[in-house]
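# Commentary on secondary and tertiary structure
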Amino acid sequence: MENYRDLFSLEGKTALVTGGTGGLGSAIALAFLQQGANVAVCGGHPEKAAGLADYAAQAGRKFLSIRCDIQKQSDIDNMLNEIEEQLDTLDILVNSAGMNRLLPAEDYTEDAFDQVMGLNVKGLHLVTKAVGKRFMIPRNYGRILNLSSVKSLIGTTENYIAYCASKGAVNMYTKQLACEWGKYRITCNAIAPTFVRTPINSFQLDDPAFYKKLTDRIPLGRIGQERDIAAAALYLCSDAAEFVSGQVLAVDGGLTSMQ
């Protein structure tokens, strides 16, 4: 008889969550710790992960919070050296780091466009390539999860030209990597959330008119919660999803079904 009890456990696994010092990355890191994983997070302000470090210590998990600019190869190399020294290996990579610049398309400067594409696409690739070559391909195992957005699937009248372009690129990156690295038993998937309250978008969600317009388009009648995204991440990074790869899962309350 098949045993389904432990399919969602991450006991014995080690994960890296980029952008894991805040927002959705932090929620995913906490969920992984609670499910038994050892976790490293990286970002520009590693001190922001103090709460995660405290939880990990209480739970008896190994935890690292590392300063890293994922657009710099030297920073990535130093981070992976520290992870190998302290945690030994990596089984799971969650690419959660991202940014947006709200500007109309006609006013989007070269620098602004490069900033968004640089972090959301180039940085994602540099980390993924490094983790894959160093840890996952040699061991013939890995789970890679990219944070996309419903804005990769549908347009908006708001000023998201570079963000939408970058997340559309993330979707195709996810599908292509799943094809290329499937031979190494590495899965690659993406989550495409609708709005979840984070520091990057709270100013929009605090506008009652914006909030109502948004939730009126969502069949379940609310915005996302951090646990919605963390739960999807747990599934896609666990052994329960070992035959799921190249997929973009919309965690959106049915929003994209309404378009």
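Details of the structure are given in the entry above.
In this report, the structure presented in the accompanying data block is examined. Everything numeric in this text was worked out from a predicted model, so none of it was measured.

Let's shift gears to the packing of helix H1 (residues 23-34) against helix H2 (residues 50-59). Remark: H1 packs on H2, axes separated minimally by 10 Å, with the N-to-C direction vectors making an angle of 0°. The angle between H1 and H2 falls in the class roughly parallel. Only Leu52, Tyr55 and Ala56 of H2 make contact with H1, whose side of the interface consists of Ser26, Ala29, Leu30, Leu33 and Gln34. Of the residues assigned to the contact of H1 with H2, the class counts are six nonpolar, two polar and no charged.

The gaps left among the atoms become clear once a water-sized probe is rolled over them. Roughly 1,000 Å³ of internal volume is contained in the largest pocket. Every residue lining the largest pocket is counted, 41 residues in all, and those nearest its centre are Ser96, Gly98, Met99, Thr198 and Ile200. Broken down by element, the lining of the largest pocket gets its largest block of residues, three residues, from H1. Along the lines of polarity and charge, the residues of the lining of the largest pocket split into 18 nonpolar, 18 polar and five charged. Put simply, the second largest pocket is a space of about 220 Å³. Together, 16 residues line the second largest pocket, and Thr156, Glu158, Phe195, Leu214 and Arg217 are the ones closest to its centre.

Right, let's talk about unusual backbone geometry for a bit. Of note, Asp88 is a non-glycine position whose phi angle comes to about 85°, a positive value. Among the secondary structure elements, Asp88 is positioned in the loop between helix H3 (73-87) and strand S4 (92-95). Among the residues examined, Asp88 registers a relative accessible area of 55% and is labelled exposed. Non-glycine residue Asn140 carries a positive phi angle of around 60°. Looking at the secondary structure, you find Asn140 in the loop between helix H4 (110-139) and strand S5 (142-147).

Thresholds, definitions, all that
One numbering rule holds for all chains: residues counted from 1, following each sequence as written. It should be noted that, the model being predicted, local features are given only for residues of pLDDT at least 70 and side-chain atom pairs only at 80 or more, the latter also being counted only at that level, while totals for whole chains, interfaces and linings use all residues. In computing side-chain values, all of the structure's heavy atoms are included and hydrogens and water are not. The axes used here are C-alpha line fits, helices contributing only the stretch in contact, and every angle between their N-to-C directions lies in the interval 0 to 180 degrees. The secondary structure listing takes helices from DSSP runs of H or I that are at least 4 residues long and strands from runs of E that are at least 2 residues long, numbered from the N terminus. Here the angle decides the label: under 35 degrees means roughly parallel, over 145 means roughly antiparallel, 65 to 115 means roughly perpendicular, and every other value means oblique. Any two residues whose heavy atoms approach within 4.5 Å at even a single point are treated as in contact. Gly counts as polar in this scheme, as do all residues outside two lists: the nonpolar Ala, Val, Leu, Ile, Met, Phe, Trp, Tyr, Cys and Pro, and the charged Asp, Glu, Lys and Arg. In the cavity and pocket records, a cavity denotes points on a 1 Å grid over the protein atoms alone where a 1.4 Å probe fits but cannot get out, a pocket denotes an open set with protein on both sides within 12 Å along at least 5 of 7 lines, and lining residues are residues with an atom within 4 Å of a point. Grid points are joined across faces, edges and corners, and a volume is the space filled by probe spheres set on the points. Working definition: with a 1.4 Å probe on protein chains only, accessible area under 20% of the residue-type maximum means buried, over 50% means exposed, and in between means partly exposed.

These figures capture arrangement, not role.
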